[in-house]
Amino acid sequence: MAHTAAKRIVVGVSGGIAAYKACHVVRGFTELGHEVQVIPTENALRFVGKATFEALSHNPVFTSVYEEVDQVRHVQVGQRADLVVIAPATADLLARLAQGRANDMLTSTVLMTGAPVVIAPAMHTEMWNNPATQANVALLRDRGMTVLEPAHGRLTGSDTGPGRLLDPEQIVDLALLVLSTGMLPRTLAGKRVLVSAGGTREAIDPVRFIGNHSSGRQGFAIAEVAAHMGAAVTVVAGATDRLPTPAGATVIAVDSANDMQQVIADEFAKQNIIIMAAAVADVRPKIAAATKLKKGSGTADLQQIDLCENPDILRGLVKRRATGSQPIIVGFAAETGDTAATALEHGRAKLARKGCDWLLVNDVSQDQVFGKPTNAGWLLSAGGEVLELPRDSKFVIARQLLEAVAQQA
Ligand code: C5P
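The structure presented is a predicted model; accordingly, all values stated were derived computationally and were not measured.

Its location among the elements puts Asn362 in strand S17 (residues 358-363). A polar atom in the side chain of Asn362 sits 2.9 Å from the side chain of Asn375.

This is the structure:
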């Protein structure tokens, strides 16, 4: 993250089984150097003890405004906070916040604060889908709070669906995004967004492949932010670092450029926006050997692998689309400046060659992008706009890209 200054972060915890994950959220913030004040509800303490939160945050923990009354803590903590993060938020807490209740330390603090509020809900699917909860969520969003989408998956019982708490790592990343750039708008509600991410692997034989250094982090950050801006997200993922699934997204794992092309072709017609953040290998072995190649075994050995060019997926998508229609197509370009041109000039030429609507150009001159949490570059539009993207977290870059593109979707 590109946050250098320590911030004062309140972590509110309400009484659901996911409260144990709040410990990792607290840890995530303190490890980045932020000062954390945990405010659990009474019921949260049925799941995690006060001592755990005090040890992890290095601060005393209070649940009621009637403790140390002389300090008027809810006023003090609420006013001093730079950010309030509530994880997990139960259906009951959402209802109390929507009503503006102030019947414990956490709700009183939220009413007092001028800081951005980020809420990560967790509950059973039926409770999340209940119109009462949905109305409370809509009201809180309307009032400027960022209510994140819950993750989909296995819940405490045998049930699965939306309602799982996001991964602590996702909560920390998204909360810091809101801290530095403000409440997430829901401008992608009702839109379908496909993001390709990671690197392709082109088989040499059953054991070896040609691959690249892509970590998939930028693509996953785009998918994550798009999901919380309201989009229905599909991620077509090649090889990536171990990254949590973006909220509610369908993740389709692929191996080679040909696989990726096939999956995206099948998904194409449903999408409003396609973002090709994947690092697709330019070439592949002409023949993937059926059995493992042996060292120095004559003709079919490892010293001579014939290559052929992979399809350019991005160009194919642009060609397939009827003029002026959807989906909006966004490409990526990792460039380095050289004696012929700067990285930006190379990017401009690539945008013209590929024919996509937007191109995010990364300057990769100094090993600054692959696997790193930050990114920088320029966002170019086919219409000639140039938006400079100063170095920042991949989530901030994702938001800038999505906000620019959402205006046309
Ligand atoms: O030509 P270059 O590889 O620099 O282009 C990068 C952009 O094109 C990225 O958006 C990448 O996902 C896409 N691409 C593709 N198919 C290829 C190579 C790149 O879609 N074979």
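The structure having been displayed, the exposition proceeds.
Before going further, it helps to examine the UniProt feature "domain: Flavoprotein" (unreviewed entry) in the protein chain. The positions that UniProt labels "domain: Flavoprotein" (unreviewed entry) are, in the present scheme, residues 7-174. In the segment residues 7-174, helix accounts for 42% and strand for 21%; the C-alpha atoms at its two ends are 15 Å apart.

Before going further, it helps to examine the layout of surface pockets. Taken as a whole, the largest pocket encloses approximately 790 Å³ of empty space. Every residue lining the largest pocket is counted, 35 residues in all, and those nearest its centre are Ala278, Ala279, Val280, Phe332 and Ala334. Elements with a minimum of two residues in the lining of the largest pocket: helix H9 (217-228), helix H11 (313-320), strand S16 (328-335) and helix H12 (343-354). Looking at the lining of the largest pocket residue by residue, the class counts come to 16 nonpolar, twelve polar and seven charged. What lines the second largest pocket is a set of 18 residues, among which Glu169, Asp173, Arg217, Pro373 and Phe395 lie closest to the centre.

With that settled, the discussion passes to the pairing of strand S7 (residues 160-164). Inspection of the sheet shows strand S6 (residues 151-154) paired to S7 by four bridges, in the antiparallel sense. The residue of S7 that forms the bridge with Arg154 is Thr160. Joining the antiparallel neighbours S6 and S7 is a turn of five residues.

Grouped together as the largest cluster of nonpolar side chains are 74 residues, with contacts concentrated most on Phe29, Leu188, Val225, Ile275 and Leu401. No other element matches the nine residues that helix H13 (residues 394-406) contributes to this core. Lining this core are residues from two domains, each supplying at least three of them: domain 1 (8-181) and domain 2 (192-406).

Sheets are built from strands paired through backbone hydrogen bonds, the pairs being either parallel or antiparallel. Read across the open sheet, the eight strands follow the order S12-S11-S8-S13-S16-S17-S18-S19; overall the sheet is mixed. Where the open sheet ends on each side, the last strands, each with one partner, are strand S12 (250-253) and strand S19 (386-393). The average undirected angle you get between the axes of adjacent strands in this sheet is 20°. Each of strand S13 (273-276), S16, S17, strand S18 (374-381) and S19 is contacted by H13, which is oriented at about 155° to S19, the strand it contacts most.

Attention shifts here to the site of the ligand. Near the ligand you find Met276, Ala278, Val280, Asp282, Pro311, Asp312, Ile313, Leu314, Gly331, Phe332, Lys350 and Lys354, and these make up its full shell. Between the ligand and Ala278, the relevant distance is 2.8 Å, taken from an oxygen atom to a main-chain nitrogen or oxygen of the residue. One nitrogen or oxygen atom from the side chain of Lys350 is found 2.2 Å from an oxygen atom belonging to the ligand. Isolated, the ligand exposes 450 Å² of accessible area, and the fraction of that covered by the protein chains is 86%. Put simply, the ligand lies in the largest pocket. Among the secondary structure elements, those contributing two or more residues to the shell around the ligand are H11, S16 and H12. Tallied by class, residues from the shell around the ligand come to seven nonpolar, one polar and four charged.

So, how was this worked out
Residues numbered from 1 in each chain as written. Predicted model: local features only at pLDDT ≥ 70, side-chain atom pairs only at ≥ 80, totals over all residues. Heavy atoms only, no water. Helix = DSSP H or I, 4+ residues; strand = E, 2+ residues; numbered from the N terminus. Polar contact = N/O pair within 3.5 Å; in protein donor to acceptor, adjacent residues only side chain to side chain. UniProt positions renumbered as here; feature names shortened; annotations may be inferred. 1 Å grid on protein atoms, 1.4 Å probe; cavity = no way out; pocket = protein on both sides within 12 Å on 5 of 7 lines; lining within 4 Å. Points joined across faces, edges and corners; volume = space filled by probe spheres on them. Nonpolar A, V, L, I, M, F, W, Y, C, P; charged D, E, K, R; others polar. Pairing = 2+ DSSP bridges. Core = buried A, V, L, I, M, F, W, Y, C linked by side-chain atoms within 4.5 Å. Buried < 20%, exposed > 50% of the residue type's maximum accessible area, 1.4 Å probe, protein only. Domains from an automatic or database assignment. Axes fitted to C-alpha atoms, helices over the stretch in contact; angles between N-to-C directions. Contact = heavy atoms within 4.5 Å. Near = heavy atom within 4 Å. Areas by Shrake-Rupley, 256 points an atom, 1.4 Å probe, with all protein chains shown as cover. Sits in = over half its atoms within 2 Å of the grid points.

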